Amino acid sequence: MHTVVVGTSGVTESDVLAVARSGARVELSAEAVAALAAAREIVDALAAKPDPVYGVSTGFGALATRHISQELRAQLQRNIVRSHAAGMGPRVEREVVRALMFLRLKTVCSGHTGVRPEVAQTMADVLNAGITPVVHEYGSLGCSGDLAPLSHCALTLMGEGDAEGPDGTVRPAGELLAEHGIEPVELREKEGLALLNGTDGMLGMLIMALADLDTLYKSADVTAALSLEALLGTDKVLAPELHAIRPHPGQGASAANMLAVLKDSQLTGHHQDDAPRVQDAYSVRCAPQVAGAGRDTIAHARLVAERELASAVDNPVVLPGGTSQAFGSGGGRVESNGNFHGAPVAYVLDFLAIAAADLGSIAERRTDRLLDKNRSHGLPPFLADDAGVDSGLMIAQYTQAALVSEMKRLAVPASADSIPSSAMQEDHVSMGWSAARKLRTAVDNLTRIIAVELYAATRAVELREGLTPAPASRAVIEAVRAAGVKGPGPDRFLAPDLAAADAFVRDGALVAAVEQVTGPLQ
């Protein structure tokens, strides 16, 4: 099994995906263990002093003005975890929780949190044992981090609350830890707070969305090319020189992908065969411009994610040296900050939801055009076998339209909202967790929308008798039929076909089928 080693300088997108989705093992580097120990020395030195230090010897949030005596500090750390584990609603997906835990471990290992090495090791042990804390949908405002979700994870480290075992059964966390030989942690000064205060949930969901959207944008280039072919459109608008004079990188990549799919097609360039038309409709002609803008949005979001992956997000943080009033051994200090605010991540999560909604919208418009006999240039109404007796793909497009409508609602930015909390101490929040949750739904819906276009476009291409589609198109049709997505014919129960098309897009089989002919798409 693949092993991810966590050091002090952050992790990569592929590391997160390996742990969250593939169950990769996690190890702490010697450098990380040394940094953890050094930071803990600073916290211990500060804890021994009479001066109050936020997170070490004070309360939290609006209660930060109270100085906590030595004998109550362990209780304080336990209490913050228990009281903040206040989530409600459905359980969050296993991959999201694993990403959340792993990314919190990444920050802990930076040496800026003051957590002891043994606590970090327990976090790794829980991940490696396949134990997944029960985390709920609602509870994070995306500022002071994803507090409730992270609290449910910290509760598992303490041997409290519920968690899912490697067999998928939810049981008391203490039982699961005992079965795997993991000792529950006894939290000390600052540790409870350090386990809760980060943007890890929204960041994990951003990283997984980026990976999924990479595949979906390639898939959308393929289905757009198939639709262009089925509509007897022209590939001249995909010429590299046209896109070079408006040099948005994503646009050029999308056009190149479509051109690669359409190479050697006999269906393109038939504008004047039946009904004269000077240009193709926008949904066909402007496909690279729309998909390309989404690709550039992904590139920007990935830049933000990479910066966040290299960050240590906590409050307060442990820093070496300086002239702060809070001195530790070797001149180290603990400083309050606002790095936990989720705005950078929240904005790009919302931006991606907007781009995904627009890609879904243009795909649905192409599907509708394939089904409309007045605009499809010779295709039967609704691609039906015997129109009137058969309804063809009429209601498949209804389903696609319903998904697009929901995508537009999901594109409303969560990050434009803010609800004050903690007695107005936390008076502006990012709502980044909410932005991430709706983006997950949007990505799921976009997969289905592209699957419906694939279903319609492959059927339409097959109905163009006497003209040979591009080799890449033929490869897609052959692969999708082998995957259980049936071709033209009399009406039948459509849901299984659509589900098979969805799976074909979702697992990357569509892109793989094309790349066997074209080579790697951009």
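Refer to the structure printed above.
None of these values were measured; they are calculated from a predicted model.

Draft legend 1. Local environment of the layout of surface pockets. Approximately 270 Å³ is the volume found for the second largest pocket. Secondary structure elements with two or more residues in the lining of the second largest pocket: helix H9 (200-230), helix H16 (432-463) and helix H18 (495-506). Ranked by residue count, the leading element in the lining of the second largest pocket is H9, at five residues. Residues of the lining of the second largest pocket, tallied by class, amount to five nonpolar, two polar and six charged.

Draft legend 2. Here's a closer look at the state of the cysteines. Across all of its chains, the model carries zero disulfides by this definition. Cys-109 carries a free sulfur, and the closest cysteine sulfur to it, the one in Cys-153, is 15 Å from it.

Draft legend 3. Geometry of the sheet that holds strand E7 (residues 170-172). Strand order across the open sheet formed by three strands is E4-E6-E7, with antiparallel pairing between neighbours. The open sheet is flanked by strand E4 (132-133) and E7, the only strands paired with a single partner.

Draft legend 4. Inspection of the packing of helix H13 (residues 287-309) against helix H14 (residues 343-371) at higher detail. Put simply, H13 and H14 touch, their axes get as near as 9 Å, and they point 160 degrees apart. As judged from the angle between their axes, H13 and H14 are roughly antiparallel. Two packed elements cross with a definite hand, and for H13 against H14 that hand is left-handed. Here H13 contributes Ala-287, Val-290, Ala-291, Gly-294, Thr-297, Ile-298, His-300, Ala-301, Val-304 and Glu-308 to the contact with H14, which in turn contributes Pro-344, Val-345, Val-348, Phe-351, Leu-352, Ala-355, Asp-358, Leu-359, Ile-362 and Arg-366. In the contact of H13 with H14, the residues fall into 14 nonpolar, three polar and three charged.

Draft legend 5. Here's a closer look at empty space enclosed by the protein. Taken as a whole, this structure holds four cavities of 30 Å³ or more when the rule is applied. The calculated volume of the largest cavity comes to roughly 70 Å³. For the largest cavity, the full set of lining residues is Met-101, Arg-104, Met-123, Leu-150, Cys-153, Ala-154, Leu-157 and Leu-195. Of all the elements in the fold, those that place two or more residues in the lining of the largest cavity are helix H4 (94-108) and helix H6 (147-157). Counting residues per element, the lining of the largest cavity draws most heavily on H6, at four residues. Across the lining of the largest cavity, the residue classes tally to seven nonpolar, no polar and one charged.

Draft legend 6. Up close: the nonpolar core. Judged by nonpolar contacts, the single largest core of 151 residues is most densely connected at Phe-102, Leu-105, Leu-195, Leu-206 and Leu-370. No other element matches H9, which puts 19 residues into this core. Residues within four places of Phe-102 in sequence aside, it is in contact with Val-4, Val-6, Val-11, Asp-15, Val-16, Val-19, Val-26 and Leu-127.

Draft legend 7. Fine view of the pairing of strand E1 (residues 3-6). Residue alternation in E1 divides its side chains into a buried set, Val-4 and Val-6, and an unburied set, Thr-3 and Val-5. In this region the chain leaves E1, passes through helix H1 (residues 13-22) and returns to the parallel neighbour strand E2 (residues 25-28); the handedness of that crossover is right-handed.

Draft legend 8. Representation of helix H15 (residues 394-410). Along its 17 residues, H15 runs 25 Å from first to last C-alpha, staying within 8% of the 24 Å computed at 1.5 Å per residue. When H15 is considered as a whole, its buried residues turn out to be Ala-396, Gln-397, Gln-400, Leu-403, Val-404, Met-407 and Leu-410. Looking straight down H15, one finds its buried side chains confined to an arc of 130 degrees; they lie on one side. Residues of H15 that are buried make contact with H14, H16 and H18.

Draft legend 9. Structural view of the pattern of salt bridges. Per the stated rule, a full pass over the model turns up 34 salt bridges. Here Arg-104 and Asp-200 are joined by a salt bridge, their closest N and O atoms 2.9 Å apart. Residue Arg-104 is found in helix H4, and its partner Asp-200 is found in helix H9; the two are separated by 96 residues along the sequence. Of the two residues, Arg-104 and Asp-200, neither departs from the other in class, the shared state being buried. Arg-302 serves as the salt-bridge partner of Asp-214, at 2.8 Å between the closest nitrogen and oxygen. Highlighted residues: Asp-214 in helix H9 and Arg-302 in helix H13, separated in sequence by 88 residues.

Draft legend 10. Layout of the packing of H16 against H18. Contact pair H16 / H18: the axes reach a minimum separation of 8 Å and the direction vectors enclose 115 degrees. Classified by the interaxial angle, the pair formed by H16 and H18 is roughly perpendicular. Considering how the two elements wind past one another, H16 and H18 form a crossing that is right-handed. Along its contact with H16, which presents Asp-444, Thr-447, Arg-448, Ile-450, Ala-451, Val-452, Leu-454 and Tyr-455, the element H18 presents Asp-497, Leu-498, Ala-501, Asp-502, Phe-504, Val-505 and Arg-506. Per-class residue counts for the contact of H16 with H18 are nine nonpolar, one polar and five charged.

Draft legend 11. Summary view of unusual backbone geometry. A cis amide bond, omega 0 degrees, links Asn-315 with the succeeding residue Pro-316. By secondary structure assignment, the location of Pro-316 is in the loop between H13 and strand E8 (317-319). One non-glycine residue, Leu-232, adopts positive backbone phi at about 55 degrees. Relative to the assigned elements, Leu-232 resides in the loop between H9 and helix H10 (240-244). Judged by its relative accessible area of 5%, Leu-232 falls in the buried class. With phi around 70 degrees, Asp-264 is a residue other than glycine that occupies positive phi space. Looking at the secondary structure, you find Asp-264 in the loop between helix H11 (249-262) and helix H12 (282-285). Residue classification places Asp-264 among the exposed positions, given a relative accessible area of 58%.

Draft legend 12. The side chain of Lys-438, seen in detail. One can find Lys-438 in helix H16. A distance of 3.0 Å separates polar atoms of two side chains, one belonging to Lys-438 and the other to Asp-350. A distance of 3.2 Å separates a polar atom in the side chain of Lys-438 from the backbone oxygen of Val-412.

Each value, and the rule that gives it
Residues numbered from 1 in each chain as written. Predicted model: local features only at pLDDT ≥ 70, side-chain atom pairs only at ≥ 80, totals over all residues. Heavy atoms only, no water. 1 Å grid on protein atoms, 1.4 Å probe; cavity = no way out; pocket = protein on both sides within 12 Å on 5 of 7 lines; lining within 4 Å. Points joined across faces, edges and corners; volume = space filled by probe spheres on them. Helix = DSSP H or I, 4+ residues; strand = E, 2+ residues; numbered from the N terminus. Nonpolar A, V, L, I, M, F, W, Y, C, P; charged D, E, K, R; others polar. Disulfide = S-S within 2.5 Å. Pairing = 2+ DSSP bridges. Axes fitted to C-alpha atoms, helices over the stretch in contact; angles between N-to-C directions. Parallel < 35°, antiparallel > 145°, perpendicular 65-115°, else oblique. Left-handed = near helix turned anticlockwise from the far one by under 90°. Contact = heavy atoms within 4.5 Å. Core = buried A, V, L, I, M, F, W, Y, C linked by side-chain atoms within 4.5 Å. Buried < 20%, exposed > 50% of the residue type's maximum accessible area, 1.4 Å probe, protein only. Right-handed = clockwise from strand over helix to strand, strands pointing away. Expected span 1.5 Å × (residues − 1). Arc of directions from axis to C-beta. Salt bridge = Lys/Arg side-chain N within 4 Å of Asp/Glu carboxyl O. Polar contact = N/O pair within 3.5 Å; in protein donor to acceptor, adjacent residues only side chain to side chain.

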